[in-house]
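# Geometric and topological summary
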Amino acid sequence: MLHRRTVGDVMTKEVVTLRPDTPFQEVAALLDANDIVAAPVINDDGVPVGVVSASDVLRHETGMPDPQGQNGNDERAWGKARARTAGALMSSPVFTARADWTIPRAARELRRRHVKQLPVVGDNGLLTGIVTRSDLLDAFIRSDIEIRGEVEQDVLRHILGLDEATIAVEVRDGVVTLRGHVPEPRLIPVVVGLCQGVDGVVAVDAHLAATRAG
């Protein structure tokens, strides 16, 4: 069976966290020292209650609700600009992900929520990691050699049980080209579909024929 990478495979497990009472200066220092753009805020039980981002810090530093001058009448934004602790600075409620989510599901959630990162929680609601847009993007950027190996070993040999000599596999810039034959016609769309399901595959160009009629 193909191993589809999940959030748990790409997330950062050693997470820099804040508490609601963490002072603003410490918040800014932690983000800067760890070269991160956001950090989750957790309560005493380890449950995420919010997220502080670099833009939140920038609002405070400029003394404006929005560095671009927007949302000037937003009282919540003004509150962030005057915040003294992570609890007052953070965005809440916090949207979270699960470690068993697929990469596409997490990407869709980031887009739907208009956020750049998601804290990852376990069944008990406790923080187990954090996943960012760049983490998800990296999951799709695989070398042609890696993709070819997974197509040959996992798809053709292990799943379909085909002999290596029956199908030649070439991969260039994520595009998989298949040349050869399969035992029967109905297997052609199956081969293509499985190859399309391999992480990092951009497209599949199949030049396959059946050795016997369906």
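This structure is a prediction, so every number in the text was calculated from the model and none was measured. (Residues numbered from 1 in each chain as written. Predicted model: local features only at pLDDT ≥ 70, side-chain atom pairs only at ≥ 80, totals over all residues. Heavy atoms only, no water.)

## Some words on the sheet that holds strand E6 (residues 167-172)
Counted only if it meets this: Strand pairing is defined by DSSP finding a minimum of two bridges between the two strands. Only DSSP runs of H or I covering at least 4 residues are called helices, and only runs of E covering at least 2 are called strands; the numbering of each starts at the N terminus. Note on definitions: angles span 0 to 180 degrees between N-to-C directions of axes, and those axes are lines fitted to C-alpha atoms, for helices only across the stretch in contact. Note on contacts: a residue pair is in contact if any heavy atoms of the two residues lie within 4.5 Å.
A sheet is described by the order of its strands in space; here three strands give the open sequence E6-E7-E8, paired in mixed fashion. The sheet is open, and its two borders are formed by E6 and strand E8 (203-210), each paired with just one other strand. Strand-to-strand, the axes of this sheet are offset by a mean angle of 5 degrees, without reference to chain direction. In terms of strand pairing, strand E7 (residues 175-182) meets E8 through eight bridges, oriented parallel. Among the inter-strand pairings, Leu-178 is bridged to a residue of E8, identified as Ala-206. The strands touched by helix H8 (residues 144-159) are E6 and E7; relative to E6, the strand with the most contacts, the crossing angle is about 155 degrees.

## A few points about the pairing of strand E2 (residues 48-53)
This is how the line gets drawn: Per-residue accessibility, obtained with a 1.4 Å probe over protein chains only, is compared with the maximum for each type, and a residue is labelled buried under 20%, exposed over 50%, and partly exposed between these values.
Judged by how many residues are buried, E2 sits mostly within the fold: five of six residues are covered. Of the strand pairs in this sheet, strand E1 (residues 38-42) and E2 are connected by five bridges, and their pairing is antiparallel. Bridge pairing in E2 links Ala-39 to Val-52. Here E1 folds back onto E2, and the loop between the two strands holds five residues, one of which, Gly-46, carries a positive phi near 90 degrees.

## Description of the sheet that holds strand E5 (residues 127-132)
Taken together, three strands build an open sheet; the order of strands is E3-E4-E5 and the sheet is mixed. Two strands bound the open sheet, and with one partner strand each, they are strand E3 (97-98) and E5. Both E3 and strand E4 (residues 117-121) contribute to a ladder of two bridges, which runs parallel. From the neighbouring strand, Arg-98 faces E4, where its bridge partner is Val-121.

## Some thoughts on helix H9 (residues 187-196)
Applicable threshold: What the arc covers is the set of directions going from the helix axis to the C-beta atoms.
For H9, the complete set of buried residues consists of Leu-187, Val-191, Val-192 and Cys-195. Looking down the long axis of H9, one finds its buried residues gathered within 140 degrees of arc, a one-sided arrangement. Packed against the buried residues of H9 are H8, E7 and E8.

## Overview of the packing of helix H6 (residues 103-113) against helix H7 (residues 133-140)
Under the convention used in this document: Take the far helix as your reference; a near helix turned counterclockwise from it by less than a right angle gives a left-handed crossing, and one turned clockwise gives a right-handed crossing. Under the convention adopted here, Pro, Cys and the residues Ala, Val, Leu, Ile, Met, Phe, Trp and Tyr are nonpolar, Asp, Glu, Lys and Arg are charged, and Gly plus all remaining residues are polar.
Axis separation between H6 and H7 bottoms out at 10 Å; the angle between their running directions is 145 degrees. Crossing of H6 against H7: the hand is left-handed. Across the interface between the two elements, Ile-103, Pro-104, Ala-106, Ala-107 and Leu-110 of H6 pack against Arg-133, Leu-136, Ala-139 and Phe-140 of H7. Of the residues that constitute the contact of H6 with H7, the class distribution is eight nonpolar, no polar and one charged.

## Brief notes about helix H2 (residues 24-33)
Where H2 is concerned, the buried positions are Phe-24, Val-27 and Leu-31. Take H2 and look down its axis: the buried residues cluster within an arc of 60 degrees, on one side only. Relative to its buried face, H2 has exposed residues pointing more than 90 degrees away, namely Gln-25, Asp-32 and Ala-33. At the C-terminal side of H2, Asp-35 shows a positive phi close to 50 degrees.

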